[in-house]
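This is what each chain is made of:
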Amino acid sequence: MKYTIIIQWSEEDKCYVVLLPDFTNVMQPCTHGETYEEALKNGQEVLEMLIESCLAYGESLPEPQVLGNFLKVA
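Residues numbered from 1 in each chain as written. Predicted model: local features only at pLDDT ≥ 70, side-chain atom pairs only at ≥ 80, totals over all residues. Heavy atoms only, no water.

A. Spatial organisation of the overall build of the protein. The helix and strand tally for the protein stands at one helix and three strands. For the protein, the succession of helices and strands along the chain, N to C, is β-β-β-α. Across the 74 residues of the protein, 27% fall into the buried class. Partitioning the contacts of the protein with sequence separation of at least 6, the portion at a separation of at least 24 is 36%. In the structure as shown, the protein presents an accessible area of about 5,700 Å², 55% of it carried by carbon and sulfur atoms. (Helix = DSSP H or I, 4+ residues; strand = E, 2+ residues; numbered from the N terminus. Buried < 20%, exposed > 50% of the residue type's maximum accessible area, 1.4 Å probe, protein only. Contact = heavy atoms within 4.5 Å. Areas by Shrake-Rupley, 256 points an atom, 1.4 Å probe, with all protein chains shown as cover.)

Next comes the structure, spelled out in structure tokens:
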């Protein structure tokens, strides 16, 4: 399955924050990083842990949501 990872700059926190919108039972933002690359790495690690946890406890994984087509060619 392919899940969405949203990374955005937080002026308030002075770092990149990571949201995993498909996992509604997790406090958002779920992690952060001082650089975009660090935030992505941390987000991928949290995503892997969430998937492993669901599988270990026999819980169903959430269905990936389609957020729409953000890339439009002019």
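Next, the rest of the story.
B. Structural view of the nonpolar core. By size, the foremost hydrophobic cluster in this structure holds 10 residues: Tyr3, Ile7, Val18, Leu20, Phe23, Cys30, Ala39, Val46, Leu47 and Leu50. With near-sequence residues (within four places) excluded, Leu47 lies in contact with Tyr3, Ile5, Leu20 and Phe23. (Core = buried A, V, L, I, M, F, W, Y, C linked by side-chain atoms within 4.5 Å.)

C. Structural context of the pattern of salt bridges. Taken as a whole, this structure holds two salt bridges when the rule is applied. The residue Lys14 makes a salt bridge to Glu11 at a minimum N-O spacing of 2.4 Å. Lys41 serves as the salt-bridge partner of Glu45, at 3.2 Å between the closest nitrogen and oxygen. A residue pair is termed a helical-turn pair when its members lie 3 or 4 positions apart in one helix, as Glu45 and Lys41 do in helix α1 (residues 36-56) at four residues. Judged by relative accessible area, which is 36%, Glu45 ranks as partly exposed. The partly exposed category is assigned to Lys41, whose relative accessible area is 47%. (Salt bridge = Lys/Arg side-chain N within 4 Å of Asp/Glu carboxyl O.)

D. Up close: the pairing of strand β2 (residues 15-19). Sheet topology places strand β1 (residues 6-10) next to β2; five bridges connect them, and they run antiparallel. Of the residues in β2, the one forming a bridge with Ser10 is Cys15. The hairpin formed by β1 and β2 contains four residues between the paired strands, and Lys14 there has a positive phi angle of roughly 55°. With three bridges joining them, β2 and strand β3 (residues 31-33) adopt antiparallel strand pairing. (Pairing = 2+ DSSP bridges.)

Structural measurements only, silent on function.
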